[in-house]
Amino acid sequence: MSALLPSPAAAVIPFLRAQGVHRTYHVGGAAIEALRGVDLTVQKGERVFLCGPSGAGKTTLLYVLGGLERPDAGSVFLEGDSIYGRSDARQATLRNAAIGYIFQNYLLLPELTALENVCLPAMIGGHQSKARAAELLGKVGLSPRLHHLPAQLSGGEQQRVAIARSLINNPSVVFADEPTGNLDSKTGTEVMNLLLSVVADEGKTLMVVTHDTRLAGQGDRMLVLRDGMLVD
Ligand SMILES: Nc1ncnc2c1ncn2[C@@H]1O[C@H](COP(=O)(O)OP(=O)(O)OP(=O)(O)O)[C@@H](O)[C@H]1O
Ligand SMILES: [Mg+2]
């Protein structure tokens, strides 16, 4: 019977952990230390906001945590597994299968409809998922817009398509970089509330970068980054 119980070690592994993360960019002989020793843990299902001034390293940290930017030093663990300790092919599989991304400028493919854009990450992973894509577009209030091209959608609608797309492969975590940065304040608030509620409804962990501390108050926790380090 005891083999069926989770081991004490498994019980304490945090969902997401960064340890001693450094990232320096080199431009024209100058070194820019974007991240200078970041340690953090995020628990499963937490919705964490990452705030801080422009140039503080927020995007760099989100990319490092999301498997998009290898740190120069330090490690990132997702459910106990080192992301950058894997082969490049296994990192790509992880990014497609376990992680959802939302960017400030939506990054929808202009020649694909809303439905096709949402299906795309599933097709890349070798799955058919039209029904699930339509369900997710319904959750973000876009059932009447399935066959619209991005150019036929408002900014807020395009970002809602991107939210649905981030969830299509049933990831365990979603990373969003300034998802409301291109929207007016009312639409931005609506989109952020929708993101928080859809992610909670789907049982996902979320990390969102935002300048807007007014929106950040709605998450479970707020982290502040300044000059490449988290501040208390
Ligand atoms: N690809 C790059 N090459 C060189 N320097 C970079 C690169 N990306 C970021 N930086 C620098 O690293 C620092 C952190 O940048 P980052 O984009 O992470 O900041 P940020 O907190 O997201 O800022 P913002 O709020 O303006 O988006 C900045 O000084 C930036 O100029
Ligand atoms: Mg940024």
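1. Quick notes on the site of ligand 1
Now for step 1: If you check the shell around ligand 1, you find 13 residues, and the closest are Ser54, Gly55, Lys58, Thr59 and Thr60.
Now for step 2: Within the backbone of Gly55, a nitrogen or oxygen atom sits 2.8 Å from an oxygen atom of ligand 1.
Now for step 3: With respect to ligand 1, the backbone of Ala56 contributes an N or O atom lying 3.2 Å from an oxygen atom.
Now for step 4: Coverage of ligand 1 by the protein chains reaches 63% of its 630 Å² of free accessible surface.
Now for step 5: Every element with two or more residues in the shell around ligand 1 is listed here: β1 (16-27), β2 (30-42) and α2 (58-65).
Now for step 6: It is α2 that contributes the most residues to the shell around ligand 1, 3 residues altogether.
Now for step 7: Looking at side-chain class alone, the shell around ligand 1 contains 6 nonpolar, 6 polar and 1 charged residues.

2. A closer look at the sheet that holds β1
Now for step 1: Within the open sheet, the 4 strands sit side by side as β2-β1-β4-β5. Their pairing is antiparallel. Both edges of this open sheet fall to β2 and β5 (81-82), since each of them pairs with a single strand only.
Now for step 2: Alignment of strand β4 (residues 73-78) against β5, held across 2 bridges, turns out to be antiparallel. Of the residues in β5, the one forming a bridge with Leu78 is Asp81.

3. Thoughts on the pattern of salt bridges
When charged atoms on two side chains of opposite charge get close, those side chains can pair.
Now for step 1: Per the counting criterion, the structure on display carries 13 salt bridges.
Now for step 2: Taking the shortest distance from any N to any O, the salt bridge between Asp220 and Arg47 comes out at 3.5 Å. One end of the pair, Asp220, is in the loop between α8 (213-216) and β9 (221-226); the other, Arg47, is in strand β3 (residues 47-51), with 173 residues separating them in the sequence.
Now for step 3: Judged by its relative accessible area of 45%, Asp220 falls in the partly exposed class.
Now for step 4: Between Glu157 and Arg145 there is a salt bridge; the shortest N-O distance is 3.4 Å. With a gap of 12 residues between them, Glu157 in helix α6 (residues 155-167) and Arg145 in the loop between α5 (130-139) and α6 connect regions that are remote in the sequence.
Now for step 5: On the accessibility criterion, Glu157 (13% relative accessible area) is buried.
Now for step 6: Taken together, the salt bridges that share partners define one network made up of Arg132, Glu135, Lys139, Asp201 and Glu202.

4. Details of the packing of helix α4 (residues 114-124) against α5
Now for step 1: Where α4 meets α5, the closest approach of the two axes is 9 Å, and the angle between their N-to-C directions is 120°. In this structure, α4 meets α5 at a crossing whose hand is right-handed. Between α4 and α5, the contacting residues are Ala114, Leu115, Val118 and Cys119 on the first element and Lys130, Ala133, Ala134 and Leu137 on the second.

5. Section: the pairing of β4
As a general feature of sheets, a regular strand has side chains that alternate between the two faces.
Now for step 1: Where β1 and β4 come together, 5 bridges link them in antiparallel fashion. Looking at β4, one finds that Ala18 is bridged to Val76.
Now for step 2: Here β4 folds back onto β5, and the loop between the two strands holds 2 residues, one of which, Glu79, carries a positive phi near 50°.

6. Topic: the sheet that holds strand β7 (residues 173-177)
Now for step 1: Read across the open sheet, the 6 strands follow the order β6-β7-β8-β3-β9-β10; overall the sheet is mixed. Bordering the open sheet on either side are β6 (99-102) and β10 (229-231), each of which pairs with just one other strand. Along the sheet, successive strands turn relative to each other by an average axial angle of 25°, direction set aside.
Now for step 2: Looking at chain direction, β3 and β9 are connected through 4 bridges and run parallel. In the strand pairing of β9, Leu50 is matched with Leu223.
Now for step 3: In this fold α2 packs onto β3, β7, β8 (205-209) and β9, with an angle of close to 160° to the strand it touches most, β7.
Now for step 4: Along the sheet face, helix α3 (residues 88-98) touches β6 and β7 and points at about 70° away from the line of β6.

Definitions and limits used
- Residues numbered from 1 in each chain as written.
- Chains lettered and ligands numbered in written order.
- Predicted model: local features only at pLDDT ≥ 70, side-chain atom pairs only at ≥ 80, totals over all residues.
- Heavy atoms only, no water.
- Near = heavy atom within 4 Å.
- Polar contact = N/O pair within 3.5 Å; in protein donor to acceptor, adjacent residues only side chain to side chain.
- Areas by Shrake-Rupley, 256 points an atom, 1.4 Å probe, with all protein chains shown as cover.
- Helix = DSSP H or I, 4+ residues; strand = E, 2+ residues; numbered from the N terminus.
- Nonpolar A, V, L, I, M, F, W, Y, C, P; charged D, E, K, R; others polar.
- Pairing = 2+ DSSP bridges.
- Salt bridge = Lys/Arg side-chain N within 4 Å of Asp/Glu carboxyl O.
- Buried < 20%, exposed > 50% of the residue type's maximum accessible area, 1.4 Å probe, protein only.
- Axes fitted to C-alpha atoms, helices over the stretch in contact; angles between N-to-C directions.
- Left-handed = near helix turned anticlockwise from the far one by under 90°.
- Contact = heavy atoms within 4.5 Å.

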